Amino acid sequence: MAAPTPHSIMVVDIEGFGKRSNPVQSSLRDSMYEVVRNAFADAHLSWTDVHPQDRGDGILMLLPPSTSIVALAGELVRALDAGLREKAKIFTATHAMRFRVALHQGLCQRDSNGWVGEAINTASRLVDAQVLRDALAAAPTAVLAFAVSDEIYRGVIRHDYRFVDSSTFGPAVLNVKELRQERVWIQVPGYPYPPGLPDEASADEVPSGDSQARSASSEGRHVARPDPFPRVEQSGGFFFHGSDVRVTGDQVAGDKHVRGRREL
């Protein structure tokens, strides 16, 4: 088994995939790969650098550390949103396609059957989280909902790099499987703040038999929403600040205090 190496991990998943007929599922999968590959090209990111892992109704993508997380969280998400909106203009309701998208990072290890790692598990939990599903369901005019781990939020999102507006992200706390009191940040492009986002962790995220986890959730699940920041401009359904500076350096340096929210 090879030594673990750092990767960015992005997962896309089609909303309501299992409810479609087999022919429609096959058509949606073709369209999903088309939208994702085109979005990489539009964001000036190399698809050849990606290790895609097919999930049936989605794709788990491992990207090398040389890939800009700023570009993934900003330009790529914008390009995915634009590609899905293009499809929405020509698709019937039967073929309607909306994405849940998650972004995380961490060590991944390759074995004879593929890739393994705690970071991969976390990214998969984020994209399947009920709070992300609920945010997308509550946004009828949106075509995707985007979740990032707290690590990505602190290292990238809160710094408001180009095409990234931290004021459009809202926090929630996950308690699901191995994740306990795991903070996640949600964005729904086209909305100034994610709709349907609870002020506390959903009890559905905690297995009914796990009383210890449920107690921990009830003690620490209240999360303050970020204070609103002035939104300077709206373009393509995104609210963002007026900075036009591209930053590709250290993504974790800077002030430890997170603007616009209170620590749990």
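Residues numbered from 1 in each chain as written. Predicted model: local features only at pLDDT ≥ 70, side-chain atom pairs only at ≥ 80, totals over all residues. Heavy atoms only, no water.

1. Examining the overall build of the protein
- Assigned secondary structure in the protein consists of six helices and 10 strands.
- Residue pairs in contact within the protein that sit at least 24 positions apart in sequence constitute 75% of those at least 6 positions apart.
- For the protein, the exposed surface amounts to about 12200 Å²; the carbon and sulfur share of it is 50%. (Helix = DSSP H or I, 4+ residues; strand = E, 2+ residues; numbered from the N terminus. Contact = heavy atoms within 4.5 Å. Areas by Shrake-Rupley, 256 points an atom, 1.4 Å probe, with all protein chains shown as cover.)

2. Quick word on helix 2 (residues 69–88)
- For helix 2, with 20 residues, the first-to-last C-alpha span of 27 Å sits near the 28 Å given by 1.5 Å per residue.
- When the local axis directions of helix 2 are compared, the greatest deviation, roughly 30 degrees, occurs at L76.
- For helix 2, the buried fraction is high: 16 of the 20 residues fall into the buried class.
- Regarding helix 2, its N-cap is S68, as a side-chain oxygen of that residue lies 3.3 Å from the backbone nitrogen of V70 further along. (Expected span 1.5 Å × (residues − 1). Bend = angle between axes of the 7 residues up to and from the residue. Buried < 20%, exposed > 50% of the residue type's maximum accessible area, 1.4 Å probe, protein only. Polar contact = N/O pair within 3.5 Å; in protein donor to acceptor, adjacent residues only side chain to side chain.)

3. Things to note about the pattern of salt bridges
- By the definition in use, this model includes 10 salt bridges.
- A salt bridge links D13 to R100; its shortest N-O distance comes to 3.1 Å. Of this pair, D13 sits in strand 1 (residues 5–14) while R100 sits in strand 4 (residues 99–111), and the two are 87 residues apart along the sequence.
- Using a relative accessible area of 1% as the deciding quantity, one classes D13 as buried.
- Where D150 meets R183, a salt bridge forms, and the shortest distance between an N and an O atom there is 3.2 Å. On the criterion of sequence distance, the pair formed by D150 in helix 5 (residues 150–155) and R183 in strand 8 (residues 179–187) is long-range, its members being 33 residues apart.
- Salt bridges here are not isolated pairs; linked through shared partners, they connect D13, R55, R100, D128 and R133. (Salt bridge = Lys/Arg side-chain N within 4 Å of Asp/Glu carboxyl O.)

4. Overview of the packing of helix 1 (residues 22–42) against helix 2
- Across the interface, helix 1 lies against helix 2 with an axial gap of 8 Å and an inter-helix angle of 135 degrees. Viewed along their axes, helix 1 and helix 2 adopt a mutual orientation that is oblique. Every pair of crossing elements has a handedness; the one defined by helix 1 and helix 2 is right-handed. The segment helix 1 lies against helix 2, with E34, V35, V36, A39, F40 and D42 engaging L76, A79, L80, G83, L84 and K87.
- The residue inventory of the contact of helix 1 with helix 2, partitioned by class, reads eight nonpolar, one polar and three charged. (Axes fitted to C-alpha atoms, helices over the stretch in contact; angles between N-to-C directions. Parallel < 35°, antiparallel > 145°, perpendicular 65-115°, else oblique. Left-handed = near helix turned anticlockwise from the far one by under 90°. Nonpolar A, V, L, I, M, F, W, Y, C, P; charged D, E, K, R; others polar.)

5. Some remarks on unusual backbone geometry
- Look at H44: it is not a glycine, yet its phi comes out positive at around 60 degrees.
- When you line up the elements, H44 lands in the loop between helix 1 and strand 2 (51–54).
- Non-glycine residue F163 carries a positive phi angle of around 70 degrees.
- Among the structural elements, F163 can be located in the loop between helix 5 and strand 7 (169–176).
- Given the relative accessible area of 23%, F163 is considered partly exposed.

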